[in-house]
Amino acid sequence: MTQTLMKDHGARAQSTNAFQPPGAQRKKSVCFIAYSFPPIEAGGSIRSKNFVKYLPHHGFDCHVLTIAPSGDKVEDDLLKKELSFDSDYVTIHRTASFDPFRRKHSLSRSIREKKRTRFIRWLSAFFFIPDRQILWFPFALAKGLRIMKQYKCDLIFSTYRP
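Residues numbered from 1 in each chain as written. Predicted model: local features only at pLDDT ≥ 70, side-chain atom pairs only at ≥ 80, totals over all residues. Heavy atoms only, no water.

Draft legend 1. Main features of the pairing of strand β4 (residues 90–95). In terms of burial, β4 is a largely internal element, six of the six residues being buried. Burial along β4 is two-sided: the residues V90, I92 and R94 and T91, H93 and T95 are all buried. Pairing analysis gives six bridges linking strand β3 (residues 60–67) to β4, with the strands arranged parallel. Counterpart to V64 in the pairing with β4 is I92. (Buried < 20%, exposed > 50% of the residue type's maximum accessible area, 1.4 Å probe, protein only. Helix = DSSP H or I, 4+ residues; strand = E, 2+ residues; numbered from the N terminus. Pairing = 2+ DSSP bridges.)

Here is the structure:
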């Protein structure tokens, strides 16, 4: 699934062009890979959003490769609104992600569930190296190769959670 951010050719587009000399062509393109990216609320997603926000001001067209939001991930409506930055130069490409341990968060959990969660964490420490997000790799690789081929990206930038 590819989501192109809102294209606003009005005052917003004029303000982004103020950072470039008249007649300048955008020649550089970056594939920005981040597992967490808004509207998913996670520590790394805010850092990624703030980094991507300034790439167009430095002459980059940005293609963000990230996971699609799902029912178990917390989404922030404010972060959704902030995604309209430099929409002419930022495209978000979302992929599926496989995590067998995902489940909806529940405030009340039984002792049995807590023990199961501890066991799953222990188990994943041995089988999912470096972590459970490794299961996103096949989806990210396939989509990333398509992005690189279609947009001829000059740079691949990958970020990881803190």
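Draft legend 2. Up close: the side chain of S29. Summarising the element assignment, S29 is placed in strand β2 (residues 28–34). In this structure S29 touches F60, D61, H63, Y151, K152, C153, D154 and L155, once residues within four positions along its chain are discounted. (Contact = heavy atoms within 4.5 Å.)

Draft legend 3. The pairing of β2, seen in detail. Most of β2 sits inside the fold, with six of its seven residues counted as buried. Remark: the β2/helix α2 (residues 43–54)/β3 crossover connection has right-handed handedness. By the bridge criterion, five bridges tie β2 to strand β5 (residues 155–159) in an arrangement that is parallel. Looking across to β5, one finds that V30 is bridged to L155. (Right-handed = clockwise from strand over helix to strand, strands pointing away.)

Draft legend 4. The environment of F139, seen in detail. With respect to the helices, strands and loops of the structure, F139 is situated in helix α5 (residues 137–151). By relative accessible area, which is 34% here, F139 ends up partly exposed. Discounting chain neighbours no more than four positions away, the residues touching F139 are T95, A96, S97 and F98.

Draft legend 5. Structural context of unusual backbone geometry. With omega at 15 degrees, the peptide bond leading from P38 into P39 counts as cis. When you line up the elements, P39 lands in the loop between β2 and α2. At K152, a residue that is not glycine, the phi angle is positive and equals roughly 50 degrees. With respect to the helices, strands and loops of the structure, K152 is situated in the loop between α5 and β5.

Draft legend 6. View of α2. Turning to α2, its buried residues number three or more, namely G44, S45, S48, K49 and V52. Along the axis of α2, the buried residues cluster in a sector spanning 135 degrees; they form a single face. (Arc of directions from axis to C-beta.)

Don't take any of this as a statement about function, it's just geometry.
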